[in-house]
Protein chains: 2
Amino acid sequence: MTIKYIIKNKNKLINKKIWIKGWVKYFRNNLFLDINDGSTINNIQIVLKKKIKNINIGITLKVFGKLILFNNNIEIIPLYIKKYGNIDKKFFNNSILQNKFHNLHKLRKQKYLRFRTKIFSTIMRIRHNLSILTHNYFNKKNFYYIHTPIITYNDTEGVGNMFKVTTLDIHNKYYKKDFFGDKANLTVSGQLEAESAMLGLRKVYTFGPVFRAENSNTNKHLSEFWMIEPEIMFYNLKKIIKLSENFIKYLIKKILKNCKEELLFLENYNNKKIIKYLKNIYKNKFIKISYNKIIKILNKINKISWGDDINSNNEKILFKKIFKKKIPLIIYNWPKTIKPFYMRINKDNLTTKSFDILFPYIGEIIGGSEREYSYKKLLKSIKEKKINIKKINWYLNIRKLGNIQHSGFGVGFDRLVQLITGMKNIRDVIPYPRYPGNNNNDK
Amino acid sequence: MTIKYIIKNKNKLINKKIWIKGWVKYFRNNLFLDINDGSTINNIQIVLKKKIKNINIGITLKVFGKLILFNNNIEIIPLYIKKYGNIDKKFFNNSILQNKFHNLHKLRKQKYLRFRTKIFSTIMRIRHNLSILTHNYFNKKNFYYIHTPIITYNDTEGVGNMFKVTTLDIHNKYYKKDFFGDKANLTVSGQLEAESAMLGLRKVYTFGPVFRAENSNTNKHLSEFWMIEPEIMFYNLKKIIKLSENFIKYLIKKILKNCKEELLFLENYNNKKIIKYLKNIYKNKFIKISYNKIIKILNKINKISWGDDINSNNEKILFKKIFKKKIPLIIYNWPKTIKPFYMRINKDNLTTKSFDILFPYIGEIIGGSEREYSYKKLLKSIKEKKINIKKINWYLNIRKLGNIQHSGFGVGFDRLVQLITGMKNIRDVIPYPRYPGNNNNDK
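Conventions we followed
- Residues numbered from 1 in each chain as written.
- Chains lettered and ligands numbered in written order.
- Predicted model: local features only at pLDDT ≥ 70, side-chain atom pairs only at ≥ 80, totals over all residues.
- Heavy atoms only, no water.
- Helix = DSSP H or I, 4+ residues; strand = E, 2+ residues; numbered from the N terminus.
- Contact = heavy atoms within 4.5 Å.
- Pairing = 2+ DSSP bridges.
- Axes fitted to C-alpha atoms, helices over the stretch in contact; angles between N-to-C directions.
- Buried area = accessible area lost by both parts, 1.4 Å probe.
- Salt bridge = Lys/Arg side-chain N within 4 Å of Asp/Glu carboxyl O.
- Polar contact = N/O pair within 3.5 Å; in protein donor to acceptor, adjacent residues only side chain to side chain.
- Nonpolar A, V, L, I, M, F, W, Y, C, P; charged D, E, K, R; others polar.
- Patch = residues over 30% accessible without salt bridge, like charges linked within 9 Å, V, L, I, M, F, W, Y side chains within 5 Å.
- Areas by Shrake-Rupley, 256 points an atom, 1.4 Å probe, with all protein chains shown as cover.
- Lys, Arg positive; Asp, Glu negative; His and termini not counted.
- Charge placed at Lys NZ, Arg CZ, Asp CG, Glu CD.
- Parallel < 35°, antiparallel > 145°, perpendicular 65-115°, else oblique.
- Left-handed = near helix turned anticlockwise from the far one by under 90°.
- Least-squares fit on C-alpha atoms with pLDDT ≥ 70 in both.
- Buried < 20%, exposed > 50% of the residue type's maximum accessible area, 1.4 Å probe, protein only.

As a further point, take the environment of A:Leu186. Among the secondary structure elements, A:Leu186 is positioned in strand S9 (residues 185-186). Expressed as a C-alpha distance, the spacing of A:Leu186 and A:Ala213, which sit 27 residues apart in the sequence, is 9.3 Å. The contact partners of A:Leu186, leaving out residues within four places of it in the chain, are A:Ile150, A:Thr152, A:Met162, A:Phe163, A:Val165, A:Phe211, B:Ile151, B:Val165 and B:Leu186.

Structure, rendered in structure tokens:
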């Protein structure tokens, strides 16, 4: 019987005898044991009638006993207890499981033990819920989930910072003899392939890992992260913006319902009003404003020119000094010079049919656009951006056969988990974060 | 209005005026247009009252017209038609969209157009359904979905054939100066990390891409494929075998219900009795037999020694000459010499608490075991298999803190799609297959 099940069905289980299995989380006065079995954030208390030898946090117990109600809390009076698993005391005493406060930085030093802490298992529960909700949302709307390739020779975003994949020691000189007979990289996005799938399936989405070999050691960058990328036939900019807002609100609405206890714990842990913050996003219409207007507004406060990207400092100014309501900000029609080649260009020939959504405190999590469907215009963009046409010819060819208006967006999933959990560092929302200097599980 | 919606609600829509958008699939006698919009395997027929210029397969149409019933089929009598998207006739005439039969080999030469064919979009629909069903199955059973890392320094299976990940040109000599300050590979399995998560969350599963740099050019090998890997606390071999059988039967039951039309089309396309084959798997208890017995049985027909792996030739013999009922075969207690280091060893010190499930015609799709939880025994296995202990120390450490009985299995997702669709070549069940010599989207 799981603790989740017991709590849910406590009324009919009170005074009954039950079996549970779980790990010791706390041990007080040699008499009170808190057990967790992973099924829920909640522990269940075992009240010992006599002392037991060699109880240690982290040890596994199998308990048979009577479920009782004491001061409105459920407890178990044990009739039989069996201990499993050895404890290496020396290792335990230097571990993050030792019963005292360990900050998040310390937890990151023993990533393989983090799952056994209340804070990290709580984040993992929310991450799981967000994953399942994402699939539910798109499946219900008749989107098809597409597994786009990880090993690729594309450079979708034109970022250039890609990981090479090789089976050779000296890659660059002998790549023709390499595994794929060609240079190979880790994908930075599944969008282009998703577009090709969309032309047969109408509505598709990806949900998989992508990679950036950027030397960024910040709170919101990972070398390996998960992206959700829907691509929809016949959608224009207005419709794709609406879909992305709707998607975020769906997730938040459901998480507020499904993960109430987890959010309350995180509020307390992070000393932030997360629930209020999320309700604010969920209840209000996102603010929509053009890039041109944003630049005019920002220019009054901070020196910024048309054509500049909006950096995190300016993002902060926007929410602190201008849009004080803490509602997400949709900025649309970005200059083509700072956006990828595949975005459809407006009639002004300067801006693209594109949008980013900025969230208070967090910054950009979503970006999207109409996709250029004209062969000629796309070819022009590819040349202007100096992209190797050989690598992108297949994508161009799609435009030769009845390609019309379509749009898509990308969501940084890990940043989304940050937004929902209120965690400051992105390394705390993914099981084994990868960043410059770290591809290990034990540091 | 999607074609899926129209077909579902045809009774109330007959004689009503409707809008549809989609692609021209067939064009006959200058009068009959078949339209598909990706929402379903089914087309809808437009009956033209007068000829229209420049209609071409692949072109996009927006049609407004009256839905009528003719010989029990629904058709649209158009009142307004608009064409979108240009067609490059020369490109079209050499493409796989041209209206004649193209074999699967030919389709693979233009992977980015495959989604627009009936056969490949059908496979993609089933692949999508299997993905969603997988998440539903585990979510309902309170498993947590874990995103295990792709870039790693583990070699879980001890296969050795891994892709290096680098940002250098000369990797092996200067890896300390490389991006991660260490050698980095693409993961071959998420199991070890999933186990660490399981110790906090009780039941977990992964569903993500894994990689093998094997020079295998067969019908069932890919360099990049998707794996599902559940790991469950407190489970023994018997329970994990039961779970895996239950999981497969759940998928088949649901697919038989959700994807009836797709399966009928595939039966016809592949000239195979897929539905009967799947029902047979779903309705019968899988046959359970020990490795020892299988060797004795096989030895009467084919020369095979205790300790040998069961190759695909012997798999065929098992189903053709011995187990003729076409029911999956669970072979358990494999020799430790041919299984990975993490499998729990039986008291005989020769075999492991492991199992593989073989499927008629397809072979192995699932393998699993109890995991070794004793620190000492695991250390011994690591040494025997000559695995670099530095790389696996974190995994060993898990055994220092109350680790007890647990089990897991892995499913090759693409082979599962092969099983359900009856497709012979694994390259036909994944959008952009990766194999030796091929990391491209257009060949």
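Let us now look at the sheet that holds strand S2 (residues 32-36) of chain A. Residues and elements named next belong to chain A. Here five strands make up a closed barrel; going around it, the order is S1-S2-S3-S5-S4 and the pairing mixed. The sheet shows a mean angle of 55° between the axes of neighbouring strands, direction not considered. In terms of strand pairing, strand S1 (residues 17-28) meets S2 through five bridges, oriented antiparallel. Its bridge partner being in S2, Arg28 is matched across the sheet by Phe32.

Another aspect to go through is the interface of chain A and chain B. If you look at the interface, chain A gives 111 residues, while chain B gives 110 residues. Taken together, both faces of the contact between chain A and chain B bury some 9,200 Å²; the carbon and sulfur share is 60%. Counting the surface chain A buries against chain B, the share from its top three residues, A:His147, A:Leu401 and A:Asn439, is 9%. At the boundary of chain A and chain B, one finds two salt bridges. Between A:Arg202 and B:Asp37 there is a salt bridge; the shortest N-O distance is 3.0 Å. Our count for the chain A to chain B interface comes out at 37 residue pairs in polar contact (both at pLDDT 80 or more). Counting residues per element, the side of chain A that touches chain B draws most heavily on helix H6 (residues 118-140) of chain A, at 10 residues. The residue makeup of the side of chain A that touches chain B, split by class, is 50 nonpolar, 39 polar and 22 charged. Both strand S8 (residues 164-166) of chain A and strand S8 (residues 164-166) of chain B contribute to a ladder of three bridges, which runs antiparallel. From the neighbouring strand, A:Val165 faces S8(B), where its bridge partner is B:Val165.

Let us look at a positive patch on the surface. Residue and element names in this part refer to chain A. Together, Lys141, Lys238, Lys239, Lys242, Lys285 and Lys288 line one region of the surface with positive charge. Per-element tally for the positive patch: the top contributor is helix H9 (residues 237-258), with three residues. Looking at where Lys285 falls in the secondary structure, it is placed in the loop between helix H11 (274-283) and strand S12 (287-290).

At a closest axis distance of 11 Å, the pairing of H6(A) and helix H6 (residues 118-140) of chain B adopts a crossing angle of 140°. One way to sum up the angle between H6(A) and H6(B) is to call them oblique. For the pair H6(A) and H6(B), the sense of crossing is left-handed. Residues A:His128, A:Ile132, A:His135, A:Asn136 and A:Asn139 of H6(A) form the contact with H6(B), whose own contacting residues are B:His128, B:Ile132, B:His135, B:Asn136 and B:Asn139.

We now examine the relation of the copies chain A and chain B. Relating one copy of the chain to the other requires a rotation about an axis plus a shift along that axis. Laying chain A over chain B is done by rotating through 180° and shifting 0.0 Å along the axis; what remains is an RMSD of 0.0 Å. Such a turn and shift between the copies fits a two-fold axis.

Another point: helix H8 (residues 191-201) of chain B. Within H8(B), 11 of the 11 residues are buried, leaving the element largely enclosed by the surrounding structure. Every buried residue belonging to H8(B) is among B:Gln191, B:Leu192, B:Glu193, B:Ala194, B:Glu195, B:Ser196, B:Ala197, B:Met198, B:Leu199, B:Gly200 and B:Leu201, and all of these are buried.

Quick look at the side chain of B:His406 now. Residues and elements named next belong to chain B. One can find His406 in strand S16 (residues 406-412). A distance of 3.2 Å separates the side chain of His406 from the side chain of Asn403, its partner in a polar contact. Of note is the side chain of His406, whose polar atom sits 2.7 Å from the backbone oxygen of Ile404. Once residues lying within four places of it in the same chain are set aside, the contact partners of His406 are Glu195, Met198, Glu231, Ile232, Met233, Phe234, Tyr235, Glu370, Arg371, Tyr373 and Arg399.

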